[in-house]
Amino acid sequence: MPYLKIQTLTAPPLQPASLTMERRECVTIQGPSGSGKSLFLRAIADLDPNQGTVQLDGKDRNDFTAPKWREQVGYLAAEPGWWLETARPHFKNPVEVPLAKLHLDKDILDRPLLHLSTGERQRLALLRAMEPEPSVLLLDEPTAALDPESTQAVEHLIRSFMERGGAILLVSHDAEQSARLADKSYRMEKGQLHTVGGSS
Ligand SMILES: Nc1ncnc2c1ncn2[C@@H]1O[C@H](COP(=O)(O)OP(=O)(O)OP(=O)(O)O)[C@@H](O)[C@H]1O
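Residues numbered from 1 in each chain as written. Predicted model: local features only at pLDDT ≥ 70, side-chain atom pairs only at ≥ 80, totals over all residues.

Caption draft 1: View of the overall build of the protein. Scanning the protein for helices and strands turns up 5 helices and 10 strands. Its C-alpha atoms give the protein a radius of gyration of 16 Å, near enough to 16 Å, the size a compact globule of 200 residues would have. Judged by the C-alpha coordinates and their principal axes, the protein covers about 45 × 35 × 30 Å. Expressed as a percentage of its 200 residues, the buried residues of the protein come to 36%. Across the protein, the fraction of contacts at a sequence separation of at least 24, relative to all contacts at a separation of at least 6, is 68%. (Helix = DSSP H or I, 4+ residues; strand = E, 2+ residues; numbered from the N terminus. Rg over C-alpha atoms; globule rule 2.2 N^0.38 Å. Buried ≥ 20, exposed ≤ 12 C-beta atoms within 10 Å, placed from the backbone. Contact = placed C-beta atoms within 7 Å.)

Caption draft 2: Structural context of the pairing of strand S4 (residues 51-56). The pairing of strand S1 (residues 4-10) with S4 spans 5 bridges and is classified as antiparallel. In the strand pairing of S4, Ile6 is matched with Val54. Here 2 bridges tie S4 to strand S5 (residues 59-60), and the two strands are oriented antiparallel to one another. Following the sheet pairing, Leu56 is matched in S5 by Lys59. Linking two consecutive strands that pair antiparallel, namely S4 and S5, is a turn of 2 residues; a positive phi of about 50° is found at Asp57 within it. (Pairing = 2+ DSSP bridges.)

Caption draft 3: Looking closely at the sheet that holds S5. Ordered by their spatial adjacency, 4 strands build an open sheet running S2-S1-S4-S5, and the pairing between neighbours is antiparallel. The open sheet has two edge strands, strand S2 (17-21) and S5, and neither has a second partner.

Caption draft 4: Structural detail: the site of the ligand. Looking at the ligand, there are 13 residues lining it, with Ser33, Gly34, Lys37, Ser38 and Leu39 nearest. Counting residues per element, the shell around the ligand draws most heavily on helix H1 (residues 37-45), at 3 residues. (Near = placed C-beta within 6 Å.)

Caption draft 5: Quick look at the sheet that holds strand S10 (residues 192-196). One open sheet accounts for 6 strands, arranged S6-S7-S8-S3-S9-S10; its pairing is mixed. Edge positions in the open sheet fall to strand S6 (73-76) and S10, since each of these has one partner strand only. With direction set aside, neighbouring strand axes in the sheet form an average angle of 20°. Pairing of strand S9 (residues 184-189) with S10, which is carried by 5 bridges, proceeds in the antiparallel orientation. Paired with Ser185 across the two strands is Val196, which belongs to S10. Sheet strands in contact with H1 are strand S3 (26-30), S6, strand S7 (136-140), strand S8 (167-171), S9 and S10, and its direction is about 155° off that of S7. Sheet strands in contact with helix H3 (residues 118-130) are S6 and S7, and its direction is about 170° off that of S6. (Axes fitted to C-alpha atoms, helices over the stretch in contact; angles between N-to-C directions.)

Shape descriptors only; they carry no functional weight alone.
See below:
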């Protein structure tokens, strides 16, 4: 039984899309800007109205409460939102946040978010998405604003998440990153998800 099973999932203007993911697997989606990659991740996270079936470890998404689903299926937006002045109150357990793993300063949780760089906020948002130890992570361009060293650190964190049994669905414009991480690759074109290179 696949770990994450998505069947004919659709959210306008997306065409129905299906894919499966196993534990410890990274599936990447590439495709032109505006093709529907973010909408697809949002539909899986159940953030927009959508139709179709999504199952996690054999259990239907409808059998989860919305907060439980979001705890199990973490979503990192390309432009993550912050509601408070600093990052600290956005974390349940700020002391445990592995800032150093992403080359972030110890004091970063207490600095005004507005004064942080895009790349710092992006790395903090990834740590926030990972904090509840979800089963699946939906990552929308998590390294778009990062230099090669920080990108490498993020990829290392992603790999350790998979080694712990997690599955990752990664939207990336970076073909080399996709080649480094992907067990299976898909391409989104005009709202239609296509397999790449014989993936199923
Ligand atoms: N709620 C919505 N209802 C209808 N159309 C939408 C909605 N949100 C976004 N769109 C449109 O759907 C298309 C796909 O958007 P999406 O954000 O998924 O693109 P993307 O592939 O992630 O692009 P990028 O690589 O630039 O982030 C865009 O044309 C966008 O304007």
